[in-house]
Structures are given as C-alpha cells and as structure tokens.
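Secondary and tertiary structure notes
Below, each chain spelled out in residue letters.
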There are 2 protein chains.
Amino acid sequence: DLAVVAVPPAHTAAVLATALRDGVARGYLDVASVKGGPRRELEELGLDLTPYIGTHPMAGKERSGPLAATADLFEGRPWVLTPTRDTDTEVLNLALELVALCRAVPVVMDADAHDRAVALVSHTPQLISSMVAARLEEADETAVRLCGQGIRDVTRIAASDPRMWVEILSANPGPVADVLAGVAADLEETVTALRGLDSADARKRSAGTHAIEDVLRRGNAGRVRV
Amino acid sequence: DLAVVAVPPAHTAAVLATALRDGVARGYLDVASVKGGPRRELEELGLDLTPYIGTHPMAGKERSGPLAATADLFEGRPWVLTPTRDTDTEVLNLALELVALCRAVPVVMDADAHDRAVALVSHTPQLISSMVAARLEEADETAVRLCGQGIRDVTRIAASDPRMWVEILSANPGPVADVLAGVAADLEETVTALRGLDSADARKRSAGTHAIEDVLRRGNAGRVRV
C-alpha cells in the first residue's frame, strides 16, 4: 500500500520519481532529513504528487547501521509530515498509520519551515559539536584527562558519520549557514568581551562582563525551552 | 591541619592571604577553578607560600548549591594539584590525603597549563553550549518540538548559573579567548563552505563539500580522545 523511500536527500526525488512512474503503491513517502529540495525537484519533473507525502522521523543516534537498531527507536519521538493542499487524504492517513505503528508523534509542518527548524535544532548543533571536538585533536594528553561530563555531552554527536552528515548538510546549506552566522556573531562578540576582561581599561572590563553574562543568560532562556 | 578555601577565583588570593597570615592551619589549599591568577596575586603579596597548594577538583553539575550535593560527587574524577618546587611535601601529602578521601584521582600540573587545559575542556564548551541554546530563545514553538537528544546533550550545561560562570571566565579570559578564536575560524570557514554548497559554481560546491567533511572528520578524531 505504502512505498517508503529511505535514501539520502540528494537521491530522494529520483528514487521517488521512478516509483511514482511505475505506480508500485497507493501512497509514497520518503524519510529524508531535508524536505524542501526533494519536493522542488519532484515538482520540476511535472509528476502528479497527490499520492506523495514528505516525512521526517526525528530519531537517530550518533551510530548508524543495523547494529545501532532498536525496537523503540521512534517511540515518543516527533515524526514530521509535510503534506500540501494537493496531498490525498488517504495517503496522509496511510502515513499517520505508519507513524502510529512506530509509536512516534506526528507533527504537520510546511517543508521549508521544517528545513529551517532542523537547521536550528539538529544541523547546527551537529556542526558546533564537531567544532568543539576538533579542538581536542591536537590537545595535550594531560588536558584530555581533565575532560568531564560537560564536554562529553557537548561532543557526543561529534562521533557521527561524516559522510551521512555531508549528505544532510549539502541538502540544507542555506538555513544552516543562516543559523551558524548567528552563532558566529555571538562568538565574535564573546571573544571581544574576553579580551576586554584582560584589559587595563575598567570600561572594557565592565562591558566584557556584561556581554559574557548576556550570552550565558540567553543560553539559560533558550535551554529551558528544549 | 588543612585549611580549605572555597571561594570564587577573584577572592581566593585575599582569603588565603588572611588565613596564611593568621596561621590557622599547617597546610592551605584552595579549590578555585582557575589557578594561575590567584597564585600570581599571592606571590605579589610576598607571603611564604611553602604551606600552600593550589588545587581544582574537576567535578560539578549544571546545578549548584546544597540541593545539588551528592556523596559520590568526586568519585573517580580528576582533582588537579598545582604544587611548585617550593611547596612543602607534607602539605602536598595532606592534599593527596583529602583527594583520596573523596575518592578522586590526583593529577599534578603546572598552574598555567591547568588554566589552558580547562579553557579547552570546560570553559569553551560552556560558552559554546550557551551560544547554541541562545539560538532557541526566539525559535518557533514547532521548531522547539523537534528538539532531540542531540541538542539536549549539546545544551545541557547551558542551564548553568551565569554569575558563577562570569566569575570563572573573568579569571581565565586569555586562554578561553584563544580557544574560542580557533572555533571562530572553523565556524567562519564552515559558513563559507555552506554558502559554497548553495552556489551554481561546481568548484565552490566541491570545495564546500571538502571543508564540511574536514570539520566533521576532525570532530570524529577529537571525540575519540574524550
């Protein structure tokens, strides 16, 4: 009844197009982690997309492959659905049935809003985690011995598969660059603030203290929403 | 026998100086999270520092205060000791006994090397975690619903007390700024790489892919050391 396409984002539209043309099922869904690009590719092919619905199960681990599989992988996790006004209600219901069978929580979203959201809550944290972990590559052994649970948590997802993440990030570069640019602005301001704390100028030290406290307080405010 | 000074880094030297002058104990140690600055302040006061040893127990949580206390807080955690050639062996042994009683693992280091190490493994991850969490402050409710374990782990320590961290960072601004500047360079390169992936120019896309893969691979290499 339902064809599930689970291939990297760059191949999603082509595989779906073949399946749609061959009419292998009543409904078609993909589980790619980026939704806007594949949809636009399909639209450009001029296919009837009423039997198609884009989806994204928000579950996964820093390890992939069959050995990382667990029966409760999707339990209680959001599973995004990106129907359009053209999507068949029957197909939406087939997708909702699959989501319910996996005990995930369906969340209906616009495809581009989904891509901006995952840039914020998934793709940016992945890159930032990798950048913090990358600082440890050349670190002294004694410094590494001091690593505690804080840096372990911040860098856990830095163990993820680079090839898989290059595929994901390549399919969503604009929204990720926009979020990272915001982090970069905060980072630049924080480096300036820290240099100010090292200064002999009392005004620079005071401005530095305020800027550091501001980023820490905004971090508190964001964290309570997670 | 042993006076333990547990006050913020900016007050550590003054409190120690008073205790040393009053001769309240045989040995004196502090547990401040920054070691170079307090030592230099004490040296400038011209006191006899043979009965003093700087230390830093590397344990803690994103919550502080009596309600966050646990009996096994220090168990198996590194406890840095920063003796100099002038430190009394008797005082070093008193400190080692305290560390053993708390079931922590003693690590002897130079004070400035300690400060550079914690800038890398503790202070930088704290600020970066806050910056990622800060992006969520203004996010749509639907985007926040998509948060998974990855961003939860990356932002866990963003819940930490800003006032405590302003104290810590103010005592170690130079080394933290140096590490953050390295992250900022990677970040800038990554934003350029992502913009390249969005480009019509095949060379820019290829360079973008390589730069993204590079930061992810360096993240893998650093992460295995934690």
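As shown above, the structure is provided for reference.
These remarks concern the structure in this document. (Residues numbered from 1 in each chain as written. Chains lettered and ligands numbered in written order. Predicted model: local features only at pLDDT ≥ 70, side-chain atom pairs only at ≥ 80, totals over all residues. Heavy atoms only, no water.)

**Observations regarding the sheet that holds strand S1 (residues 2–5) of chain B**
Residues and elements named next belong to chain B. Spatially, S1-S2-S3-S4-S5 is the arrangement adopted by the five strands of the open sheet, whose pairing is mixed. A single partner strand is all that each edge strand has here, and the edge strands are S1 and strand S5 (105–108). The mean inter-strand angle of the sheet, taken between neighbouring strand axes irrespective of direction, is 30°. Judged from the three bridges that link them, strand S2 (residues 27–30) and strand S3 (residues 52–57) form a sheet pairing that is parallel. Residue pairing in the sheet places Asp 30 in a bridge with Gly 54 of S3. Here helix H1 (residues 9–22) sits on the sheet and contacts S1, S2 and S3; the angle it forms with S2, its principal contact strand, is near 170°. (Pairing = 2+ DSSP bridges. Helix = DSSP H or I, 4+ residues; strand = E, 2+ residues; numbered from the N terminus. Axes fitted to C-alpha atoms, helices over the stretch in contact; angles between N-to-C directions. Contact = heavy atoms within 4.5 Å.)

**Examining the interface of chain B and chain A**
Counting residues at the interface gives 88 residues for chain B and 88 residues for chain A. Carbon and sulfur atoms make up 70% of the area that chain B and chain A hide from each other, which totals about 7,900 Å². For the pair chain B and chain A, the interface holds eight salt bridges. Notably, a salt bridge pairs Arg 225 of chain A with Glu 141 of chain B, separated by 3.2 Å at the nearest N-O pair. At the boundary of chain B and chain A, one finds 24 residue pairs in polar contact (both at pLDDT 80 or more). The set of elements that each furnish at least two residues to the side of chain B that touches chain A consists of strand S4 (78–82), S5, helix H4 (111–134), helix H5 (141–145), helix H6 (149–155), helix H7 (162–170), helix H8 (173–197) and helix H9 (202–223) of chain B. Counted by class, the side of chain B that touches chain A contains 50 nonpolar, 18 polar and 20 charged residues. (Buried area = accessible area lost by both parts, 1.4 Å probe. Salt bridge = Lys/Arg side-chain N within 4 Å of Asp/Glu carboxyl O. Polar contact = N/O pair within 3.5 Å; in protein donor to acceptor, adjacent residues only side chain to side chain. Nonpolar A, V, L, I, M, F, W, Y, C, P; charged D, E, K, R; others polar.)

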